[in-house]
Amino acid sequence: MARTPQPRHITLGGRAAVALTPQEYEQLIASRRQIGGQSARVRVLAQQVKRTERLLSELEALVGGPDDRTDTDRLRRAIAELLRRHRDEAH
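Below you will find a few notes about this structure. Please read all numbers here as calculations on a predicted model, not as lab measurements.

Let's talk about the overall build of the protein chain
Moving on, step 1. Within the protein chain one finds two helices and two strands.
Moving on, step 2. Each helix and strand of the protein chain, ordered N terminal to C terminal, gives the series β-β-α-α.
Moving on, step 3. Among the 91 residues that make up the protein chain, the fraction classed as buried is 4%.
Moving on, step 4. Summarising the internal contacts of the protein chain: among those between residues at least 6 apart in sequence, 31% fall at separations of at least 24.
Moving on, step 5. Across the protein chain, the 17 positively charged side chains and the 12 negatively charged ones have centroids separated by 12 Å.

Rendered as structure tokens:
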């Protein structure tokens, strides 16, 4: 198991600081880049989840709506239109 590196505390110009080796600094920069890329992917996924939740909510309203929506063909058309609209929003 890798040991967690302990920071080297120094005082520089009267201010507390932490010293990194060039290798540690490069690892820190690489980690920050990875986190930046991951946060962008998470943002996209969160938007997709919100769109999907909205779609499911609207589908639920269509299917569980008043009894006058029991006409199968009309319900199929309404669902198809809803799916098309949500698909178009995603692009």
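Examining the pattern of salt bridges
Moving on, step 1. In the structure shown here, the tally under the stated rule is four salt bridges.
Moving on, step 2. One salt bridge in this structure joins Arg8 and Glu24, with 2.5 Å as the shortest N-O distance. You can see Arg8 sitting in strand β1 (residues 8–12) and its partner Glu24 sitting in helix α1 (residues 22–63), a full 16 residues away along the chain.
Moving on, step 3. Put simply, Glu81 and Arg84 hold a salt bridge, and the shortest N to O gap is 3.5 Å.

Thoughts on a nonpolar patch on the surface
Moving on, step 1. Taken together, the side chains of Val18, Leu20, Tyr25 and Leu28 define a hydrophobic patch exposed on the protein surface, amounting to about 370 Å² of accessible area.
Moving on, step 2. With respect to the secondary-structure elements, Leu28 resides in helix α1.

Observations concerning the side chain of His86
Moving on, step 1. With respect to the helices and strands, the residue His86 is situated in helix α2 (residues 72–90).
Moving on, step 2. You can call His86 buried: its relative accessible area is 7%.
Moving on, step 3. Setting aside residues up to four positions removed in sequence, His86 forms contacts with Arg51, Arg54, Leu55 and Glu58.

Quick word on the pairing of β1
Moving on, step 1. By the criterion of burial, β1 is predominantly exposed, with just zero of the five residues buried.
Moving on, step 2. Here β1 runs beside strand β2 (residues 15–19); their pairing, made up of five bridges, is antiparallel. Within the sheet, the bridge partner assigned to Thr11 lies in β2 and is Ala16.
Moving on, step 3. Hairpin connection between β1 and β2: a loop of two residues separates the two successive antiparallel strands, and Gly13 in this loop has a positive phi of roughly 60°.

Parameters at a glance
- Residues numbered from 1 in each chain as written.
- Predicted model: local features only at pLDDT ≥ 70, side-chain atom pairs only at ≥ 80, totals over all residues.
- Heavy atoms only, no water.
- Helix = DSSP H or I, 4+ residues; strand = E, 2+ residues; numbered from the N terminus.
- Buried < 20%, exposed > 50% of the residue type's maximum accessible area, 1.4 Å probe, protein only.
- Contact = heavy atoms within 4.5 Å.
- Lys, Arg positive; Asp, Glu negative; His and termini not counted.
- Charge placed at Lys NZ, Arg CZ, Asp CG, Glu CD.
- Salt bridge = Lys/Arg side-chain N within 4 Å of Asp/Glu carboxyl O.
- Patch = residues over 30% accessible without salt bridge, like charges linked within 9 Å, V, L, I, M, F, W, Y side chains within 5 Å.
- Areas by Shrake-Rupley, 256 points an atom, 1.4 Å probe, with all protein chains shown as cover.
- Pairing = 2+ DSSP bridges.

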